[in-house]
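# Inside the fold
Okay, here's what each chain looks like letter by letter:
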Amino acid sequence: MSSNLSLRRPSDGQGQASYEMTELSRYLVELSVCDSYFISKSPFSIARPSLLLAMESLKVKKDFGVKECMEELDRSPGMTLSCARRLRHVYLLATMTEAEEEGGEN
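Residues numbered from 1 in each chain as written. Predicted model: local features only at pLDDT ≥ 70, side-chain atom pairs only at ≥ 80, totals over all residues. Heavy atoms only, no water.

### Quick look at a negative patch on the surface
A cluster of like negative charges, contributed by Glu98, Glu100, Glu101 and Glu102, occupies part of the molecular surface. In this fold, Glu102 is placed in helix α4 (residues 77-104). The class of Glu102 is exposed, set by a relative accessible area of 55%. (Patch = residues over 30% accessible without salt bridge, like charges linked within 9 Å, V, L, I, M, F, W, Y side chains within 5 Å. Areas by Shrake-Rupley, 256 points an atom, 1.4 Å probe, with all protein chains shown as cover. Salt bridge = Lys/Arg side-chain N within 4 Å of Asp/Glu carboxyl O. Lys, Arg positive; Asp, Glu negative; His and termini not counted. Charge placed at Lys NZ, Arg CZ, Asp CG, Glu CD. Helix = DSSP H or I, 4+ residues; strand = E, 2+ residues; numbered from the N terminus. Buried < 20%, exposed > 50% of the residue type's maximum accessible area, 1.4 Å probe, protein only.)

See the structure below:
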């Protein structure tokens, strides 16, 4: 029996949205490791933009409650915005590279 519950795909709509948001934000955090810009940033400065970008990409409704909670915890909104811009750029580069690789396989 696995202790990692995030590996299970939920069957209900809200659970599915939560699962997809978690997986995309996890991927975004992993992408941040590939960019030296993020070396000096705090984990929260990377995690918060990762969640917000995942929510934005998946069009998660605002009533999900996460955005408001994170806004209250954010002590450095300027840093969060800066990291979000950079993370969005890295994500776009990664998705473009993946699309090029898939196109080249034909």
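### Considering the packing of aromatic side chains
Considering all chains together, one arrives at two aromatic pairs under this definition. For the pair Tyr27 and Tyr91, a centre-to-centre distance of 6.2 Å together with 75 degrees between the ring planes defines the contact as edge-to-face. Here Tyr27 is found in helix α1 (residues 13-32), whereas its partner Tyr91 is found in helix α4, with 64 residues between them in sequence. Judged by relative accessible area, which is 26%, Tyr27 ranks as partly exposed. Taking relative accessible area as the criterion, Tyr91 reaches 21% and is therefore assigned partly exposed. The cationic tip of Lys41 hangs over the ring face of Tyr37; the distance from NZ or CZ to the ring centre is 4.4 Å. (Phe/Tyr/Trp six-rings, centres within 6.5 Å; stacked < 30°, edge-to-face > 60°. Lys NZ or Arg CZ within 6 Å of the ring centre and 35° of its normal.)

### Quick notes on the nonpolar core
Counting 14 residues, the largest nonpolar core has Met21, Leu28, Leu31, Phe38, Ala54 and Leu87 as its most contacted members. Every element with two or more residues in this core is listed here: α1, α2 (43-58) and α4. Discounting chain neighbours no more than four positions away, the residues touching Leu28 are Ser50, Leu53, Ala54, Leu87 and Tyr91. (Core = buried A, V, L, I, M, F, W, Y, C linked by side-chain atoms within 4.5 Å. Contact = heavy atoms within 4.5 Å.)

### A closer look at the side chain of Ser32
Structurally, Ser32 can be placed in helix α1. A polar contact is formed between the side chain of Ser32 and the backbone oxygen of Val29, at a distance of 2.5 Å. (Polar contact = N/O pair within 3.5 Å; in protein donor to acceptor, adjacent residues only side chain to side chain.)

### Looking at the confidence of the model for the protein chain
Summing up the model confidence of the protein chain, the mean pLDDT is 80 and the portion of residues at 70 or higher is 72%. Per-element confidence in the protein chain ranges from a low mean pLDDT of 65 for helix α3 (residues 66-73) to a high of 89 for α2. Low confidence marks residues 1-7, where pLDDT is under 50. Its contacts with residues over four positions away, or in another chain, come to six contacts. (pLDDT = per-residue confidence, 0-100.)

### Let's talk about the environment of Pro77
Examined against the element boundaries, Pro77 turns out to sit in helix α4. Its relative accessible area of 52% is what places Pro77 among the exposed residues. Residues Pro77 and Ser45 lie 32 residues apart in sequence; the distance between their C-alpha atoms is 9.0 Å.

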